[in-house]
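Observations on chain architecture
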Amino acid sequence: MQAMIEFPDISPEIFTLPLFGMEFALRWYALAYIVGILVAWRISLAALRRPALWRAQTPPMTARQLEDLLTWVVLGIILGGRLGFVLFYQPGYYLQNPLEILRIWQGGMSFHGGFLGVVIATLVYCARHRIPLLSAGDTIVLGAPVGLLLGRIANFINAELWGRPTDLPWGVAFPGAAAQACGQPLGEICARHPSQLYEAALEGALLLAVLLWLAFRRGALHVPGRIFGVFLAGYGAARVVVEHFRQADAQFITPDNPLGHVLRLGDWGLSMGQLLSLPMLLVGLALIVAANRLARE
């Protein structure tokens with residue numbers, strides 16, 4: 001019998017409150033967003049309060065400006081994340097059901113869309129307040145992996161975005177007909193890669209440790225764009241790797257395309273996640289190279 005891990009019995013809802021004949025629930029996914037944003041803000045604030053970390057011992061913004069920017073960032077995450085999901089993953093469905101776009105609570109958020117939303121919000125805010133853009137980017141992404149870490153753990157709790165079938169001993173038997181549709185013999189249980197936890201470890205915990213070490217121990221904030229570049233390259237690389245173990249979205253899977261590649265060249269191909277992450281990886285590497293040249297000048 002194949003060794004596997006039984007999915008833990010954890011409710012996606014932390015608690016539910018009945019109010020005025022309706023039920024309001026706090027879900028792990030929502031809590032991940034809230035805690036992730038707050039912790040990231042505190043990490044960025046701690047860096048701003050240490051002038052010695054920055055070029056010419058001058059932080060790029062004040063604590064008050066960071067708080068103001070946080071509001072713009074939250075809006076960028078929510079609007080960009082939702083619109084990114086609509087445009088990247090299910091444009092046909094939402095074109096036919098446009099009112100469904102507003103129902104964020106029913107799921108469907110894209111990291112890449114949320115990231116673009118944050119970039120646009122930061123561009124606008126920095127232009128209005130004359131804040132150096134690259135250093136602002138360094139400030140914002142410094143604690144961003146906390147949200148990625150918590151968000152991926154929430155994905156696991158929700159039993160969503162699971163991985164491809166596996167016979168490895170740490171494969172997880174996720175519940176639900178879709179997760180169990182692995183083409184296995186009748187009566188057998190399908191185990192899948194816990195790809196959410198792979199992402200939590202790589203783009204969350206590991207990337208966070210690298211960014212904090214570079215910023216607080218190696219003086220990376222002295223060179224504008226270095227931390228931002230490491231974040232982009234680190235996330236892009238992590239996502240490209242984990243996509244090899246993650247089940248593609250159902251709308252991309254067909255009988256002749258079981259891996260759900262959106263860009264195909266013979267037997268080789270890229271998933272939507274990889275296609276969206278490769279530009280991040282390339283831009284991140286370019287920023288790192290440019291920052292290293294600046295540091296030598």
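Source: prediction; values computed, not measured.

Our focus in this paragraph is the overall build of the protein. Along its length, the protein carries nine helices and six strands. Taken over C-alpha atoms, the radius of gyration comes to 21 Å for the protein, in line with the 19 Å a tight globule of 297 residues would show. With respect to the three principal axes, the spread of C-alpha positions in the protein is 65 × 55 × 40 Å. Evaluated residue by residue, the protein yields a buried proportion of 42% over its 297 residues. Once local pairs closer than 6 in sequence are excluded, the contacts in the protein between residues at least 24 apart make up 69%. Counting every atom, the protein has about 16,100 Å² of accessible surface; 67% of that belongs to carbon and sulfur. Averaged over its 21 positive side-chain charges, the protein has a centre that lies 15 Å from the centre of its 18 negative ones.

What follows deals with the state of the cysteines. Summed over all chains, the structure comprises one disulfide. The disulfide that involves Cys-182 links it to Cys-190, with 1.7 Å between the sulfurs. Measuring the twist about the S-S bond at about -60°, one finds the Cys-182-Cys-190 disulfide to be left-handed. Under the relative-accessibility criterion, Cys-182 is labelled partly exposed at 25%. In this structure Cys-190 comes out as buried when scored by relative accessible area, which is 4%.

This brings us to the nonpolar core. By size, the foremost hydrophobic cluster in this structure holds 37 residues, and its most contacted members are Met-61, Leu-142, Leu-211, Leu-221, Ile-227, Phe-231 and Leu-232. Sorting the residues of this core by element identifies α1 (28-48), α2 (63-88), α4 (111-129), α5 (133-141), α6 (144-157), α7 (195-216), α8 (226-242) and α9 (272-296) as the ones contributing at least two each. With six residues, α8 is the single largest residue contributor to this core. Not counting residues up to four positions away in its chain, the partners in contact with Leu-232 are Phe-115, Met-280, Leu-281, Val-283, Gly-284 and Leu-287.

Where charged atoms of side chains with opposite charge meet at close range, the side chains can pair. Counting across every chain of the model gives nine salt bridges. A salt bridge links Arg-64 to Asp-68; its shortest N-O distance comes to 3.7 Å. With Arg-64 and Asp-68 both in helix α2, this residue pair falls four residues apart, about one helical turn. Classification of Arg-64 by relative accessible area gives exposed; the value is 59%. A residue is classified by how much of its surface remains accessible, and Asp-68, at 32% relative accessible area, is partly exposed. Between Arg-246 and Glu-199 there is a salt bridge, and its shortest N-O distance comes to 3.2 Å. Placement of Arg-246 in the loop between α8 and β5 (263-265) and of Glu-199 in helix α7 is noted, with a sequence separation of 47 residues between them. By relative accessible area, Arg-246 is classed as buried at 8%.

With that out of the way, let us pick up the packing of α2 against α4. In the contact formed by α2 and α4, the axes pass within 6 Å of each other and the chain directions differ by 145°. In this structure, α2 crosses over α4, and the sense of that crossing is right-handed. On α4, the residues touching Gln-65, Asp-68, Leu-69, Trp-72, Val-73, Gly-76, Ile-77, Gly-80, Gly-81, Gly-84 and Phe-88 of α2 are His-112, Gly-113, Gly-114, Leu-116, Gly-117, Val-118, Ala-121, Thr-122, Val-124, Tyr-125, Arg-128 and His-129. Of the residues that constitute the contact of α2 with α4, the class distribution is 10 nonpolar, 11 polar and two charged.

So, on to α8. Spanning 17 residues, α8 covers 24 Å between terminal C-alpha atoms, matching the ideal 24 Å at 1.5 Å per step. Counted residue by residue, α8 has 14 buried out of 17 residues, so it is predominantly covered.

Our next topic: the packing of aromatic side chains. The tally for this structure, following the rule as stated, stands at 14 aromatic pairs. Taking 5.2 Å as the distance between ring centres and 65° as the angle between the ring planes, the aromatic pair formed by Tyr-29 and Tyr-33 counts as edge-to-face. In this pair, Tyr-29 and Tyr-33 are both assigned in helix α1, four residues apart and thus about one turn of the helix distant. With a relative accessible area of 27%, Tyr-33 lands in the partly exposed category. Ring geometry for Phe-85 versus Tyr-94: centroids 6.2 Å apart, planes at 75°, classification edge-to-face. Take Phe-85 and Tyr-94: they sit in the same class, and that class is buried.

Time to look at the confidence of the model for the protein. Any segment with low pLDDT has predicted coordinates that should not be analysed in fine detail. When pLDDT is averaged along the protein, the result is 91; 96% of the residues meet or exceed 70. The least confident element of the protein, judged by mean pLDDT, is strand β3 (residues 22-27) at 75; the most confident is α7 at 98.

Right, let's get into a nonpolar patch on the surface. Among the surface-exposed residues, Ile-10, Ile-14, Phe-15, Leu-17, Phe-24 and Trp-28 lie close enough to one another that they form a single nonpolar patch of about 510 Å² accessible area. In terms of residue count, strand β2 (residues 13-19) provides more of the nonpolar patch than any other element does, three residues in total. For Ile-10, the location among the structural elements is in the loop between β1 (5-6) and β2. Assessed through its relative accessible area of 37%, Ile-10 is described here as partly exposed.

Thresholds applied
Residues numbered from 1 in each chain as written. Predicted model: local features only at pLDDT ≥ 70, side-chain atom pairs only at ≥ 80, totals over all residues. Heavy atoms only, no water. Helix = DSSP H or I, 4+ residues; strand = E, 2+ residues; numbered from the N terminus. Rg over C-alpha atoms; globule rule 2.2 N^0.38 Å. Buried < 20%, exposed > 50% of the residue type's maximum accessible area, 1.4 Å probe, protein only. Contact = heavy atoms within 4.5 Å. Areas by Shrake-Rupley, 256 points an atom, 1.4 Å probe, with all protein chains shown as cover. Lys, Arg positive; Asp, Glu negative; His and termini not counted. Charge placed at Lys NZ, Arg CZ, Asp CG, Glu CD. Disulfide = S-S within 2.5 Å. Core = buried A, V, L, I, M, F, W, Y, C linked by side-chain atoms within 4.5 Å. Salt bridge = Lys/Arg side-chain N within 4 Å of Asp/Glu carboxyl O. Axes fitted to C-alpha atoms, helices over the stretch in contact; angles between N-to-C directions. Left-handed = near helix turned anticlockwise from the far one by under 90°. Nonpolar A, V, L, I, M, F, W, Y, C, P; charged D, E, K, R; others polar. Expected span 1.5 Å × (residues − 1). Phe/Tyr/Trp six-rings, centres within 6.5 Å; stacked < 30°, edge-to-face > 60°. pLDDT = per-residue confidence, 0-100. Patch = residues over 30% accessible without salt bridge, like charges linked within 9 Å, V, L, I, M, F, W, Y side chains within 5 Å.

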